[in-house]
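Below are the chains, spelled out letter by letter.
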Amino acid sequence: MKLRFTKMQGAGNDFVVIDATREPFALTPAQMRRLGDRRFGVGCDQILVIEPGREAGADFRYRIFNNTGDEVEHCGNGARCFARYVADAGLTGKREIHVDTMNRRLLLRLQDDGRVTVDMGAPVFDPAALAFDTAGLAPRLENGFGLWPVDGVELAVLSMGNPHAVQRVADVAAAPVATQGPRIERHPRFPRGVNAGFMQVLARDRIALRVFERDAGETLACGTGACAAVVAGIRLGWLDAAVEVQTRGGLLRIEWAGGDAPVRMTGPAEKVFDGEITL
């Protein structure tokens, strides 16, 4: 089969975007693995699928697949690319777009400077909600928020629609992302896997971040990971309510007022090229 697609990137986190608003999405996991392969296919961190909205108030349905072919819950950088795509492709004339993911509704706002702001929803801290096995563990409380001992380090564990385990490091450039990242990602305490974040606090309004993503490895940027790191830093008393996050692929701005307030992420989203591939 021939498949038309668009390659996009948000702060270096790259995606293959598929418009399934006119025809049903029908790729098999094997075809998605081929599509996501950087040597034998197009190559990407994740595959984003645009479908018509199914629920009242939803403009679109937003589906995310890892390049292994597995469907996942959320991708913040992908959400910005999603918004840029549907606007540029003429699928909507709205500046505020409501989309449904696997487990939450997002509000995407197109900014006049070309960036996109995503209302990511509220963070979730219940370990059971993100499949974190705490049996026999006791967290150390800092500013009233728990740091959990896993793999010899202290982790802040929370969900932004997908699971994250964030640790603070002195120097993010020297952090053991390549070695400890995969151990945390597949640690038995996280039976469904987890995104492993490594955060360096540079100031109360600025951090540097690297993330070893579940099923994708280290990426140049992780939007939900940036949100999780900032939320954890705010809860722990390290950060203020608005933070600039320096990733290896670019700069993201994260804002959270605390409590049940939604986390807001603002950053770039750009088309790289349009293409067609035979699968």
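Each remark here, short or long, concerns the structure printed above.
Residues numbered from 1 in each chain as written. Predicted model: local features only at pLDDT ≥ 70, side-chain atom pairs only at ≥ 80, totals over all residues. Heavy atoms only, no water.

Another aspect to go through is the overall build of the protein. Tallying secondary structure elements over the protein gives four helices and 19 strands in all. C-alpha extents for the protein along the principal axes are approximately 55 × 35 × 35 Å. Counting only residues that meet the buried cut, the protein has 56% of its 279 residues in that class. Summed over all atoms, the accessible surface of the protein reaches about 11,500 Å², with 48% contributed by carbon and sulfur. (Helix = DSSP H or I, 4+ residues; strand = E, 2+ residues; numbered from the N terminus. Buried < 20%, exposed > 50% of the residue type's maximum accessible area, 1.4 Å probe, protein only. Areas by Shrake-Rupley, 256 points an atom, 1.4 Å probe, with all protein chains shown as cover.)

Of the two faces of strand S8 (residues 116-119), both are covered, the one formed by Val116 and Val118 as well as the one formed by Thr117 and Asp119. Relative to S8, strand S7 (residues 105-110) runs antiparallel, the two being bridged by four bridges. Paired with Arg109 across the strands is Thr117, a residue of S8. The hairpin turn running from S7 into S8, its antiparallel successor, is five residues long, and Gly114 in that turn takes a positive phi close to 95 degrees. In this sheet, strand S18 (residues 264-267) lies alongside S8 in antiparallel orientation, the contact comprising four bridges. Directly across from Val118, in S18, lies its bridge partner Met265. (Pairing = 2+ DSSP bridges.)

Time to look at the pattern of salt bridges. Side-chain pairs of opposite charge can arise where the charged atoms are in close proximity. One pass over the full model with this rule turns up 27 salt bridges. Close ionic contact of Arg4 with Glu276 constitutes a salt bridge, the shortest N to O distance being 3.5 Å. Linking Arg4 in strand S1 (residues 2-10) with Glu276 in strand S19 (residues 270-278), this pair joins segments that are 272 residues apart in sequence. What makes Arg4 exposed here is its relative accessible area of 56%. The exposure class of Glu276 is partly exposed, given its relative accessible area of 45%. Residue Asp45 pairs with Arg38 through a salt bridge whose shortest N-O separation is 3.2 Å. Overall, the relative accessible area of 10% leaves Asp45 in the buried class. The structure contains a network of salt bridges with shared partners spanning Lys7, Asp14, Arg38 and Asp45. (Salt bridge = Lys/Arg side-chain N within 4 Å of Asp/Glu carboxyl O.)

Here the largest pocket is characterised by a volume of approximately 410 Å³. Along its surface, the largest pocket is lined by 17 residues, and Leu3, Arg4, Ile18, Asp19 and Glu23 are the ones closest to its centre. Elements with a contribution of two residues or more to the lining of the largest pocket: S1 and strand S2 (13-19). Looking at the lining of the largest pocket, the element that brings in the most residues is S1, giving four residues. Split by residue class, the lining of the largest pocket holds eleven nonpolar, one polar and five charged. (1 Å grid on protein atoms, 1.4 Å probe; cavity = no way out; pocket = protein on both sides within 12 Å on 5 of 7 lines; lining within 4 Å. Points joined across faces, edges and corners; volume = space filled by probe spheres on them. Nonpolar A, V, L, I, M, F, W, Y, C, P; charged D, E, K, R; others polar.)

Here we take up the pairing of strand S16 (residues 242-246). Where burial is concerned, the two faces of S16 differ: the one with Val243 and Val245 is buried and the one with Ala242, Glu244 and Gln246 is not. For strand S14 (residues 206-213) and S16, the ladder comprises three bridges, and the chain directions are parallel. From the neighbouring strand, Ile207 faces S16, where its bridge partner is Val245. Pairing of S16 with strand S17 (residues 251-255) involves five bridges; the strand directions are antiparallel.

Right, let's get into helix H3 (residues 177-185). Of all the positions in H3, only Val177, Gln180, Gly181, Ile184 and Glu185 are classed as buried. For H3, the buried positions fall inside an angular range of 135 degrees around the axis, keeping them on one side. (Arc of directions from axis to C-beta.)

Let us now look at empty space enclosed by the protein. Within the structure shown, the criterion is met by two cavities of 30 Å³ or more. Reported here for the largest cavity is a volume of approximately 100 Å³. Taken together, 16 residues form the lining of the largest cavity, with Gln46, His74, Asn162, Asn195 and Glu213 sitting closest to its centre. Of all the secondary structure elements, the ones that give two or more residues to the lining of the largest cavity are helix H2 (76-88) and helix H4 (223-235). Classifying every residue of the lining of the largest cavity by side-chain character gives three nonpolar, ten polar and three charged. Put simply, the second largest cavity is a space of about 40 Å³.

Honestly, it's all geometry; don't read function into it.
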